[in-house]
Amino acid sequence: NKDGVLKWKIKIATPKEKKGYGNNIAISSSPAIANDGTIYVASHDQNLYAISSDGNVKWKFPMGFSFDSWSSPAIGKDGTIYLISSPPKGGLFAISPEGKEKWSYSTRVRMFNSPALDEKGNIYVGFASDFKTNELIVFDANGNKKWNHEISLFFESSPAIGKDGTVYIGSFVDGKVGAGVYALSQSGEKWYLSLKTKEIMSTPAVTDKMIYFGDIDGVFYAVDIQGNIKWSFDTKKEIDSSPAIGKEGTIYFGSNIG
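Everything quoted here is computed from the prediction, not taken from an experiment. (Residues numbered from 1 in each chain as written. Predicted model: local features only at pLDDT ≥ 70, side-chain atom pairs only at ≥ 80, totals over all residues. Heavy atoms only, no water.)

Here's the deal with the pairing of strand β20 (residues 219–224)
Judged by how many residues are buried, β20 sits mostly within the fold: 6 of 6 residues are covered. Here β20 shows a buried face lined by V219, Y221 and V223 and a second buried face lined by F220, A222 and D224. Examined bridge by bridge, strand β19 (residues 210–214) and β20 share 5 bridges and lie antiparallel to one another. Looking at the pairing, G214 lines up with F220 of β20. Here β19 folds back onto β20 in antiparallel fashion, the turn holding 4 residues, of which G218 has a positive phi close to 95°. Linking β20 back to strand β21 (residues 229–234) in an antiparallel pair, the connection comprises 4 residues, with G227 at a positive phi of about 95°. (Buried < 20%, exposed > 50% of the residue type's maximum accessible area, 1.4 Å probe, protein only. Helix = DSSP H or I, 4+ residues; strand = E, 2+ residues; numbered from the N terminus. Pairing = 2+ DSSP bridges.)

Notes on the sheet that holds β20
With antiparallel pairing, 4 strands are arranged side by side in an open sheet as β18-β19-β20-β21. Two strands in the sheet have a free side with no partner beyond their single neighbour: β18 (205–206) and β21. Alignment of β18 against β19, held across 2 bridges, turns out to be antiparallel. The partner of A205 across the bridge, within β19, is Y212.

Some details on the packing of aromatic side chains
Counted by the stated rule, this structure contains 15 aromatic pairs. Judged by centre distance (6.0 Å) and plane angle (65°), the ring pair of F61 and F93 falls under edge-to-face. Here F93 lies in strand β7 (residues 91–95) and F61 lies in strand β4 (residues 57–62), a separation of 32 residues in the sequence. You can call F61 buried: its relative accessible area is 8%. F93 gets classed as buried once you look at its relative accessible area, which sits at 5%. Taken together, a centroid distance of 6.2 Å and an interplanar angle of 35° make the contact between F220 and W231 tilted. With F220 in strand β20 and W231 in strand β21, the pair connects residues that are 11 residues apart, well separated along the chain. Using a relative accessible area of 1% as the deciding quantity, one classes F220 as buried. (Phe/Tyr/Trp six-rings, centres within 6.5 Å; stacked < 30°, edge-to-face > 60°.)

From the geometry alone we can't say anything about function, so treat these as descriptive.
Below you can see the structure in the form of structure tokens.
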């Protein structure tokens, strides 16, 4: 409830892995809430769940998640749920509010991030199309590719879309440095900000003039939309969290410093 008293809880996650690794991280997905109050959340038992606002399971859809999948659902204006899964059923799924598959796009490589939607209902996904090629793909609501861009680095964060349509997404590198953030548009790569870090899991928060995100080494960045660092803040520990911005401009995020 609004006063912090527990209203209900429901157990939906029973990982299929052997005892030990993964058993205590059964839900990494963030819930999404539809206009009718239905709650959608992915579980490491390899299902997407639809839960009513009073805490009852309406349906579950088998996704084939791996134990370390972090994807969260996004909901279109017509109620369609979009979610990324891992092999053997890996790819992007479009699922109806009744729990039926509308369409899917398959990939052989395990994916960790979440889809994003723009105001027109287009779906943006950062995919590893194979073990060396990565691409940002934009689909329309019917599952048709509108445009895509191949990128050399692995996408680690989920895409964030600016008001002008620019897509910002964080990367991962095999070495110790070089991960950063891409700014992409339909016409191509606008810029890439390379940083002294290996990984950016944090999905950027975007305003009219700035983007905000953290890196795996614990540094939080404020970057303008031209790709220039305006300031940074070192928390000293990993930042996996994605920032949220209050109406007055305060930025909130978590760090593994505790």
